[in-house]
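# Topology and contacts: notes
One letter stands for each residue in the lines below.
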Amino acid sequence: MAAARPTGSASGALCRQLLLTLTILTFACDACKTVTLHVPSKLDAGKFIGRVNLKECFKSANLIHSSDPDFQILEDGSVYTTNAILLSSAKRSFTLLLSNTETQEEKKILVLLEQQTKVLRKRRSQEKVLIRAKRRWAPIPCSVPENSLGPFPLFLQQIQSDTAQNYTIYYSISGPGVDKEPLNLFYVERDTGNLFCTRPVDREKYPSFELVAFATTQDGYTPEYPLTLLIRIEDENDNFPIFTETSYVFNVSENCRVGTTVGQVCATDKDEADTLHTRLRYSIIEQFPASPTLFSMHPTTGVITTSSSRLDRELIDKYQLKIKVQDMDGQYFGLQTTAACIINIEDVNDNLPTFTRSSYVTSVEENRIDVEILRVAVEDKDLINTSNWRANYTILKGNENGNFKIVTDPKTNEGVLSVVKPLNYEEKQEVTLQISVANEAPYSSSSRSTVSVVAVTVNVQDQDEGPECIPAVQIVRIKENVPVSTKVSGYKARDPETSSSSGISYKKLSDPEGWVTVDENSGSITTSRSLDREAKTIRNGIYNITILASDKDRRTCTGTLGIKLEDVNDNSPFIPQRTVIICKTVMSSAEIVAVDPDEPTHGPPFEFSLDSASDSEVLRMWRLTRINDTAARLSYLNDPPFGQYTVPVRVADRLDQSLVTQLNVILCDCVTPSDCNIPVAPHLANRRPILGKWAILAILLGIALLFCILFTLVCGATGAAKKPKVFPDDLAQQNLIVSNTEAPGDDKMYSINGFTTHTAGGSTQGICSTLGSGVKNGGQETIEMVKGGQTIESCQEAGHHHTLEMCKGGGQHTLDSCRGGQVEADNCRYAYSEWYTYAQPRLGEKVQQCNQDNSHMHAQDYVRTYNYEGKGSAAGSVGCCSERQEEDGLEFLDHLEPKFRTLAETCMKR
């Protein structure tokens, strides 16, 4: 029996081997390449055991089925165990059925499972057979399952060189996993070339290894090039998918449409990408509140959408979802993770505010303003303190006069009704208002809504009130210039209780001109002064006074009495602009305009005329031409000379009331009237000036002052001429001298065009020294004219004719013939204003006569006036230095630099 057991066991194994062979032959016609997977003897449920290349066998297969229920095949060819398996025999097989449901084509793949221990033994026992097969030095890449359970060391593959037939070859490896981190993960048998793995590997940390294999002889000879070995770590689904957030919060509006996006969740998986291990599926596990189901989730994108339009915030304002993500494309054995999702329902204005009552009744006393009389309340189910909840109240009817106002209390959302304009019990005792309410935000529903409306009855309570000044402004008409004490009706107030004016007294509060008095009992007014319509206090022909009306209880009201003054033609037209300037060079006339303070009925058109009653010469010099109803043109005749004239102009209105205006007309040599400048008032046309005693006294004082100044100038010039010469004649040979010439000159005295005269001291000097001082600027000397002791008649005695034209721009004149002449600048200067007002006109006339011949033509040596061509030198004239006649004239040498002090001391020595 004991001996038979082995025999029976051997015969059973043989039968199984024959049966396996028969199965292979049966499927040989439609079967693809047989796949062999090396697995450990014990397999757990859900364990990855290998991958089959399905595309290589049948590309168009759309249905995959395993003949063994203990194994499951996925779309990418991955084979997993569905149950725990213990391999009792060395081999186990099952068939994978691939089919195309459209073409009804089928193919089969035979999968053989072999225990790793037997494979290792077989490879070792058939080592010589492998050598005889002449395996090449470059093997295909191999792989190691992630987190493999062993047994370790785990055989991976054998590397062998073809030179092992002729030499004794030793094999070695290096690289990551051998002599680099992670150390000692792989090793190779020196003699056989078998490559082993020593422990499990985490693919997420080390996805692959690249090793270098070496083949050497015993004496160190290397017959082969180093071989690169690529070891790939096959991924195992050992990582759970993880949501990016532990809890998601989304918001969605209530009453939204089906399919509205709420939000999107996302998860990650550390396993190998583009495999089933990272193919994730999302789903909603649970909803709270559970009923009804309102949300759905897209399985691949994780987008949450609404599946119902019945979201109502007023019922439920928050939903909580428990969501799940699972790898392996959502299959039951895939790894999964859950997370929480909170969905807040946002409020929309889907509920209208409604009044809590259908009607209200309130009361208010008449004449009361800014008083709260009623509060109305509303209900609104929308979210509190939002625009969907806050109410806006509107008065639809009953407030045509604007007596009421309603506003919203921001705290209570109530409508506050108040009176802003006083009510009158005598006019209306009861007011009925219609008030509507709406939200700040528009109503969101598409259906037509009904606005809530409430009726409010306001009872007006009577009050004993004072007089009424209605209307506030009353008008009475009075002609201006009426006699004093004229009496007219005045302001009338009334008692609202009796609708009469009895028992009311009046008092004047304001009367700007004090023209009227007010009767205390009747309110009538009496003129106390003459009324003038043209007074400044008149506005639009109305004179306003303020009246205070009071009853016996001293209750008052205030009104305005407007006195409309009817115009009387009591004003003549006149010309407001009394001075008229006519620039003769560019214009021959001027426009004059008249005005009349009276009403237009007593005003223009005006009639302009020259008043020749006082002077007939006016008609021969002036002419008036009508322009329009209020203006005329005044033009001159017979080319009158420049000057100032008085022209009387009479202006009459349409009722022939006239007035003569004395116009001061100035004929001026100018371009624009603003350029006209007449310093003294010339003679008036056909009139001789009449000087008063004060004017004559002022003239005499001015003449006396002028003679004093002239006497002072003459004395100063005479004293300067008598001073001896300070510098010796030979001083220029070895000392510095002050000179105003650019080259040595001759010691000669020349007559300057006949303009020479003798001073009191007997010294001969040029006219330049007596008339002005020369300032040399760019080769041109300017002569400043001042009053001196000389007379122009000396020019005529010399028999010469010269003309000296005056330049008005500051008193400077050019005189080329005076160059080189001796000039005394310090003693000849005086105020230009005195020269301009007194000496210039008389001296100009004399010079004009002096420099004309018998034919009244200018002489050949006539002094011409040259224009000023630029800014003068900042240094001034050098002639000022040549006039220094005293030893003190050299003190300017004290301000030189230290180098010149020695030279200055030498110059000062005698």
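Residues numbered from 1 in each chain as written. Predicted model: local features only at pLDDT ≥ 70, side-chain atom pairs only at ≥ 80, totals over all residues. Heavy atoms only, no water.

## A word on the overall build of the protein chain
On a plain count of helices and strands, the protein chain comes out with eleven helices and 53 strands. Counting every position in the protein chain, which comprises 910 residues, the buried fraction comes to 37%. Roughly 53200 Å² of accessible area belongs to the protein chain as shown, and the carbon and sulfur atoms make up 52% of that amount. (Helix = DSSP H or I, 4+ residues; strand = E, 2+ residues; numbered from the N terminus. Buried < 20%, exposed > 50% of the residue type's maximum accessible area, 1.4 Å probe, protein only. Areas by Shrake-Rupley, 256 points an atom, 1.4 Å probe, with all protein chains shown as cover.)

## Considerations on the confidence of the model for the protein chain
Taken residue by residue, the protein chain gives an average pLDDT of 75. The fraction at 70 or more is 70%. Overall, residues 1–15 carries pLDDT values under 50, and its contacts beyond four positions in sequence, including any with other chains, amount to zero contacts. Throughout residues 117–135 the model reports pLDDT below 50, and contacts reaching past four residues in sequence, or to other chains, amount to 24 contacts. (pLDDT = per-residue confidence, 0-100. Contact = heavy atoms within 4.5 Å.)

## Quick notes on the pairing of strand S11 (residues 154–158)
With five of five residues buried, S11 is to be regarded as a mostly interior element. Inspection of the sheet shows S11 paired to strand S14 (residues 194–197) by four bridges, in the antiparallel sense. Note on S14: the bridge partner recorded for Gln157 is Leu195. (Pairing = 2+ DSSP bridges.)

## Quick notes on the pattern of salt bridges
Where charged atoms from two side chains of opposite charge come close, those side chains can pair. All told, the structure shown has 21 salt bridges when counted by the stated rule. Here Lys47 ties to Glu236 by a salt bridge, and the two come within 3.4 Å at their closest N and O atoms. Note that Lys47 is positioned in the loop between strand S2 (42–43) and strand S3 (48–51) and Glu236 in the loop between strand S16 (227–234) and strand S17 (242–243), a separation of 189 residues in sequence. Per residue, the accessibility class of Lys47 equals that of Glu236, and both read buried. As a salt-bridge pair, Asp639 and Lys584 come within 2.6 Å of each other at their nearest N and O atoms. Pair noted here: Asp639 is in the loop between strand S46 (631–636) and strand S47 (643–652) and Lys584 is in the loop between strand S42 (579–583) and strand S43 (589–593), with a separation of 55 residues, a long-range link. Residue Asp639 is classed as exposed on the basis of its relative accessible area, which comes to 56%. The exposure class of Lys584 is buried, given its relative accessible area of 18%. Via salt bridges that share partners, Glu372, Arg375, Asp409 and Glu414 belong to a single interconnected network. (Salt bridge = Lys/Arg side-chain N within 4 Å of Asp/Glu carboxyl O.)

## Quick look at the state of the cysteines
A complete count under the given rule lists four disulfides for this structure. The residue that forms a disulfide with Cys32 is Cys57, at a sulfur-sulfur distance of 1.7 Å. Its S-S torsion of approximately 70° makes the covalent link between Cys32 and Cys57 right-handed. With Cys32 in the loop between helix H1 (4–26) and strand S1 (35–39) and Cys57 in helix H2 (residues 54–57), this residue pair connects regions lying 25 residues apart in the sequence. One exposure class covers both Cys32 and Cys57, and it is buried. Each disulfide pairs two cysteine sulfurs, and for Cys583 the partner residue is Cys670, the sulfurs being separated by 2.1 Å. Judged by the torsion about the S-S bond (-90°), the Cys583/Cys670 disulfide is left-handed. Placement of Cys583 in strand S42 and of Cys670 in the loop between strand S48 (658–668) and helix H6 (693–722) is noted, with a sequence separation of 87 residues between them. For Cys583, a relative accessible area of 0% translates into the label buried. (Disulfide = S-S within 2.5 Å.)

## Points about a negative patch on the surface
On the surface, Glu426, Glu427, Asp462 and Glu497 cluster together to form a negatively charged patch. Within the secondary structure, Glu427 is located in the loop between strand S32 (415–419) and strand S33 (430–439). In this structure Glu427 comes out as exposed when scored by relative accessible area, which is 66%. (Patch = residues over 30% accessible without salt bridge, like charges linked within 9 Å, V, L, I, M, F, W, Y side chains within 5 Å. Lys, Arg positive; Asp, Glu negative; His and termini not counted. Charge placed at Lys NZ, Arg CZ, Asp CG, Glu CD.)

## Some details on the nonpolar core
Residues Ile373, Tyr393, Phe404, Leu417 and Val456 are the most contacted members of the largest nonpolar core, which totals 24 residues. Secondary structure elements with two or more residues in this core: strand S27 (359–365), strand S28 (371–376), strand S30 (391–397), strand S31 (404–408), S32, S33 and strand S34 (452–461). Not counting residues up to four positions away in its chain, the partners in contact with Val456 are Tyr360, Thr362, Leu374, Leu417, Val431, Thr432, Leu433 and Ile435. (Core = buried A, V, L, I, M, F, W, Y, C linked by side-chain atoms within 4.5 Å.)

## Overview of the environment of Leu655
You can see Leu655 is positioned in the loop between S47 and S48. Taking the C-alpha atoms as reference, Leu655 lies 9.7 Å from Pro605; in sequence the two are 50 residues apart. Beyond its immediate chain neighbours, meaning those up to four positions away, Leu655 contacts Asn569 and His602.

## Observations regarding the sheet that holds strand S4 (residues 63–66)
Within a sheet, each strand pairs with its neighbour through backbone hydrogen bonds, oriented either parallel or antiparallel. Ordered by their spatial adjacency, four strands build an open sheet running S1-S9-S8-S4, and the pairing between neighbours is mixed. Looking at which strands have only one partner, the edges of the open sheet turn out to be S1 and S4. Between one strand and the next, the sheet's axes are offset by a mean angle of 25°, whatever the strand orientation. Summarising the sheet, strand S8 (residues 91–100) and strand S9 (residues 105–115) pair through ten bridges and their orientation is antiparallel. Directly across from Asn100, in S9, lies its bridge partner Glu105. (Axes fitted to C-alpha atoms, helices over the stretch in contact; angles between N-to-C directions.)

## A look at unusual backbone geometry
Peptide bonds are trans in most cases, and residues, glycine excluded, mostly fall at negative phi. The peptide bond linking Gly150 to Pro151 adopts the cis configuration, its omega dihedral lying at 10°. Mapped onto the secondary structure, Pro151 falls in the loop between strand S10 (142–145) and S11. Along the chain, Ser291 connects to Pro292 via a cis peptide bond; the corresponding omega equals -5°. Here Pro292 is to be found in the loop between strand S21 (281–288) and strand S22 (295–297). One non-glycine residue with positive phi stands out, namely Ser485, at about 75°. Assignment of secondary structure puts Ser485 in the loop between strand S35 (473–479) and strand S36 (487–488). Of note in this structure, Asn638 is not a glycine but carries a positive phi near 65°. Mapped onto the secondary structure, Asn638 falls in the loop between S46 and S47.

## Digging into the pairing of S33
As paired strands, S30 and S33 are joined by six bridges and run antiparallel to one another. Across the sheet, Thr394 pairs through a bridge with Ser436, a residue of S33. The pairing of S33 with S34 spans eight bridges and is classified as antiparallel. Paired with Val431 across the two strands is Val458, which belongs to S34.

## Some points on the sheet that holds S36
Read across the sheet, three strands follow the order S36-S39-S38 without closing on themselves; strand pairing throughout is antiparallel. What marks the edges here is a single partner per strand, and that holds for S36 and strand S38 (516–518). Direction of pairing for S38 relative to strand S39 (residues 525–527): antiparallel, over a ladder of three bridges. For Val516, the partnering residue across the bridge sits in S39 and is Thr527.

## Structural notes on a nonpolar patch on the surface
The grouping of Ile696, Ile699, Leu700, Ile703 and Phe707 at the surface amounts to a nonpolar patch, some 470 Å² of accessible area in total. Turning to its location among the elements, Phe707 is positioned in helix H6. With a relative accessible area of 56%, Phe707 lands in the exposed category.

## Focus on the side chain of Gln326
Structurally, Gln326 is set in strand S24 (residues 318–326). From its side chain, Gln326 meets the backbone oxygen of Gln331 in a polar contact 2.7 Å long. A polar contact of 3.0 Å, which involves the side chain of Gln326, links it to the backbone oxygen of Gly334. Beyond its immediate sequence surroundings of up to four residues, Gln326 is in contact with Pro241, Arg279, Leu280, Arg281, Gln331, Tyr332, Phe333, Gly334, Leu335 and Gln336. (Polar contact = N/O pair within 3.5 Å; in protein donor to acceptor, adjacent residues only side chain to side chain.)

## Points about the packing of aromatic side chains
Counting across every chain of the model gives 16 aromatic pairs. Pairing Trp622 with Tyr645 gives two aromatic rings, centres 5.9 Å apart and planes at 70°, and the pair type is edge-to-face. Separated by 23 residues along the polypeptide, Trp622 in strand S45 (residues 622–626) and Tyr645 in strand S47 bring together distant segments of the chain. Residue classification places Trp622 among the buried positions, given a relative accessible area of 3%. We classify Tyr645 as buried; its relative accessible area is 2%. Here the aromatic cluster, defined as three or more aromatic residues joined through ring pairs, consists of Phe48, Tyr80, Tyr332 and Phe333. Positioned above the aromatic ring of Phe642, the side-chain terminus of Lys584 is 5.1 Å from the ring centre. (Phe/Tyr/Trp six-rings, centres within 6.5 Å; stacked < 30°, edge-to-face > 60°. Lys NZ or Arg CZ within 6 Å of the ring centre and 35° of its normal.)

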